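Structure assessment
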Amino acid sequence: MSYTALYRKFRPDCFEDVKGQDHIVTTLKNQILADRIGHAYLLCGTRGTGKTTIAKLFAKAVNCEHPKEDGSPCNQCRSCLAVQSGASVNVIEIDAASNNGVDNIREIREEVQYSPTEGRFKVYIIDEVHMLSIGAFNALLKTLEEPPSYVIFILATTEAHKIPITILSRCQRYDFKRISISTITSRLMELMEIEQINVEEKAIRYIAKAADGSFRDALSLLDQCLAFYMNQDLTYEKVLEVLGAVDIEVFSRLLQKIIADDTLGCIRLLEELIVAGRELGQFTVDFTWYMRNLLLVQTAEEVEDVLDVSAESRMRLEEEAKLIDPEVLMRYIRIFSELTGQIKYSSQKRVLIEIALIKLTRPAMETNYDSILNRLSIIEKKLEEGIAVTAQSKLVEVSVKEKLNKQEELEKKELQKAVPEEVQRAVDAMPQVIQKLPAPMAVYLKTARFQAGGENRLLVVVMDEVAEGFLNKQEKREQLEEVLSNQTGKKIQVDIKLICEEDERKHIFLTAQKNIGIDIQEEI
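The shown structure was predicted, so the numbers you read here are calculated from the model rather than taken from an experiment.

Here we take up the pairing of strand β1 (residues 40-44). A large share of β1 lies buried, amounting to 5 of its 5 residues. Side chains A40, L42 and C44 of β1 all project onto a buried face; the interleaved residues Y41 and L43 project onto the opposite face, where all are buried too. In this sheet, strand β4 (residues 151-157) lies alongside β1 in parallel orientation, the contact comprising 5 bridges. Considered in β4, the bridge of Y41 is made with I154.

And the structure:
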């Protein structure tokens, strides 16, 4: 008899066995019990969270001849057995990735006209529905809008944002959550008892963490580990060996070398991991999460629920968190987070990791703010411990502190008031200033007039009361003053004025005189 993969062997055949999606299971069971079954359902969520499983369970339950008291299928009647074996004519599974054309949907439209030969409902399960073409979605739309009473559509997708809103609005939408590490761990332990295989809980927990919320991925990884160590007990060390993962003890050693500025030690430790066959991309992700856990331990209380580590590991994290300042740790996380994005498509992963480790152990190579703070904290720590600091290091500390103080002084220093000539230059530059402002402020200012109004005042003359009411709010004036200050480097006060009829007439005369160069006398 051929071997059946674990994720197929242990696919739930009743609602009770579905783990981590209680909010969806309860709703669907209540609909079945109350006989309030909808005509279209949209199941959204990441891979391996139970979308197809629940779709098949629901299809069995609505056609079951002897359903259980909680709405689950009996799995013994002719209808349930037919669905389970894939021979049911009432449950039609369609892969939209390979059947995404208009003709495929037209076939469905023709088929739904015929009522089921046995059972109550015809159920169409369309997997990866976001892969349908625009034409196919349009062909499906009419059937979804007015389907026969005996037809149920169950659409499953990992990318709900690609589905047209016209389809979304006609379906009951259910969002599947990522399954928690503790839920996956407890379920895998149950299955290993059924299989009569001895496993360490620590090993299963690591597999659950590597699955990233996907129960199917967890079963596939477990299958891989069991196949490698056939007929042997599965231990934590064996799981690390198969998955190419790095133990938390290695992370601890690496962090201590980084804190000690031991660049060569870090490179040698990386060499050990490479020789041991560890996957470098997974290493960067895991080390980033290790530092993230350290930061949470430092900055938050009662973090047990978000750490997803054992009590022993948490105690170790608490001890190691005392060795490093949060600001320095945030710099480490920033560098490795950037590295995670770079390493994904790189052919020189080792080189990139070595550069990142050198940055961590040699903060003087970087000139950004958090690197400067890192250097200061190192020098201050040495002074506190009575370690001799070279004159050059002291000069660096003094220089860095002076730069930081000067920066703070410049930020606190109040801008000088603008003189009339500078205000006039600001008036001339208003078209460029308006482009930097958000709507609706920019819209109102496009029709306004600007003129120098004194020593450091810029007068904004608006045409209507709506604009005047909006722009004369204190926060809006301050926003405009800030943009002008950034543009000119001087403090300019903004006054908003609503134009009156006399002002408008004077403006017309002055503009005309300026354009034609002749004095114009106004007749009264």
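That was the structure; now back to the text.
What follows concerns the sheet that holds strand β2 (residues 91-95). The sheet built from 5 strands is open, its strands ordered β2-β3-β4-β1-β5 with parallel pairing. Of all strands in the sheet, those with a lone pairing partner are β2 and β5 (172-175), marking the two edges. Each strand of the sheet is rotated relative to its neighbour by a mean of 15 degrees, with strand direction disregarded. Direction of pairing for strand β3 (residues 122-127) relative to β4: parallel, over a ladder of 5 bridges. Residue V123 lies in a different strand from β4, and its bridge partner there is I152. Where helix α5 (residues 102-111) meets the sheet, it contacts β2, β3 and β4, and its direction lies at approximately 170 degrees from that of β3.

Before going further, it helps to spend a moment on the packing of aromatic side chains. All told, the structure shown has 12 aromatic pairs when counted by the stated rule. Ring geometry for F287 against Y290: centres 5.9 Å apart, planes inclined by 20 degrees, an arrangement best described as stacked. Of the two residues, F287 and Y290 are both situated in helix α14 (residues 280-299); the distance of 3 residues between them amounts to about one turn of the helix. Judged by its relative accessible area of 0%, F287 is buried. Grouped by ring-pair contacts, the aromatic residues F251, F283, F287, Y290 and F336 constitute a single cluster. Above the face of the Y236 ring, K202 is positioned so that its terminal group lies 4.3 Å from the ring centre.

Within soluble globular proteins, side chains that are nonpolar tend to cluster in buried spots. Grouped together as the largest cluster of nonpolar side chains are 33 residues, with contacts concentrated most on F283, F287, Y332, F336 and L357. Core analysis: the next-biggest nonpolar cluster, separate from the first, contains 29 residues, L188, I204, I207 and L240 among them.

Moving on, we come to unusual backbone geometry. Phi angles above zero are rare outside glycine, and Q196 is one such case at about 55 degrees. Summarising the element assignment, Q196 is placed in the loop between α8 (181-194) and α9 (201-210). What makes Q196 exposed here is its relative accessible area of 72%. In the Ramachandran plot, D212 falls in the positive-phi region, its phi being about 55 degrees despite a non-glycine side chain. Relative to the helices and strands, D212 is located in the loop between α9 and α10 (215-228). Since its relative accessible area comes to 41%, D212 is described here as partly exposed.

Glancing now at the environment of D261. As for its placement among the helices and strands, D261 is situated in the loop between α12 (248-259) and α13 (263-275). Separated by 100 residues in sequence, D261 and T361 place their C-alpha atoms 4.4 Å apart.

Time to look at the pattern of salt bridges. Counted by the stated rule, this structure contains 19 salt bridges. Measuring nitrogen to oxygen at the nearest pair gives 3.1 Å for the salt bridge that ties D35 to R120. You can see D35 sitting in the loop between α2 (22-34) and β1 and its partner R120 sitting in the loop between α5 and β3, a full 85 residues away along the chain. A relative accessible area of 47% means that D35 is categorised as partly exposed. What emerges from the salt-bridge pattern is a single network uniting E271, R350 and E354.

Per-chain confidence: the chain averages 80 in pLDDT, with 82% of residues scoring 70 or above. Confidence, expressed as mean pLDDT per element, reaches its minimum in the chain at helix α26 (residues 501-516) with 51 and its maximum at β1 with 93. The model gives residues 391-396 a pLDDT under 50, and that stretch makes 3 contacts with residues more than four places away or in other chains.

Reading the values: the criteria
- For every chain, the first residue of the written sequence is number 1, and numbering continues from 1 along that sequence.
- Since the coordinates come from a predicted model, pLDDT governs what is reported: local features require at least 70, and pairs of side-chain atoms require 80 or more to be given and counted, while whole-chain, interface and lining totals use all residues.
- The side-chain quantities take in all heavy atoms of the structure and omit both hydrogens and water.
- Each residue gets one of three labels from its accessible area relative to the maximum for its type: buried under 20%, exposed over 50%, partly exposed in between, using a 1.4 Å probe on protein chains only.
- Numbering of helices and strands runs from the N terminus, with a helix taken as a DSSP run of H or I at least four residues long and a strand as a DSSP run of E at least two residues long.
- Strands qualify as paired when DSSP identifies two bridges or more between them.
- Axes here refer to lines fitted to C-alpha atoms; in helices the fit is confined to the stretch in contact. Angles between the N-to-C directions go from 0 to 180 degrees.
- Any two residues having at least one pair of non-hydrogen atoms within 4.5 Å are treated as being in contact.
- Within 6.5 Å between ring centres, the rings of Phe, Tyr and Trp (the latter by its six-membered ring) count as paired, and their orientation is classed by plane angle as stacked under 30 degrees, edge-to-face over 60, tilted in between.
- We call a charge positioned above a ring when the Lys NZ or Arg CZ atom is no farther than 6 Å from the ring centre and deviates by at most 35 degrees from the ring normal.
- Residues belong to one nonpolar core when they are buried, are Ala, Val, Leu, Ile, Met, Phe, Trp, Tyr or Cys, and are joined through side-chain atoms within 4.5 Å.
- By convention in these notes, a salt bridge is any Lys or Arg side-chain nitrogen within 4 Å of a carboxyl oxygen on Asp or Glu.
- Known as pLDDT, the predictor's per-residue confidence is scaled from 0 to 100.

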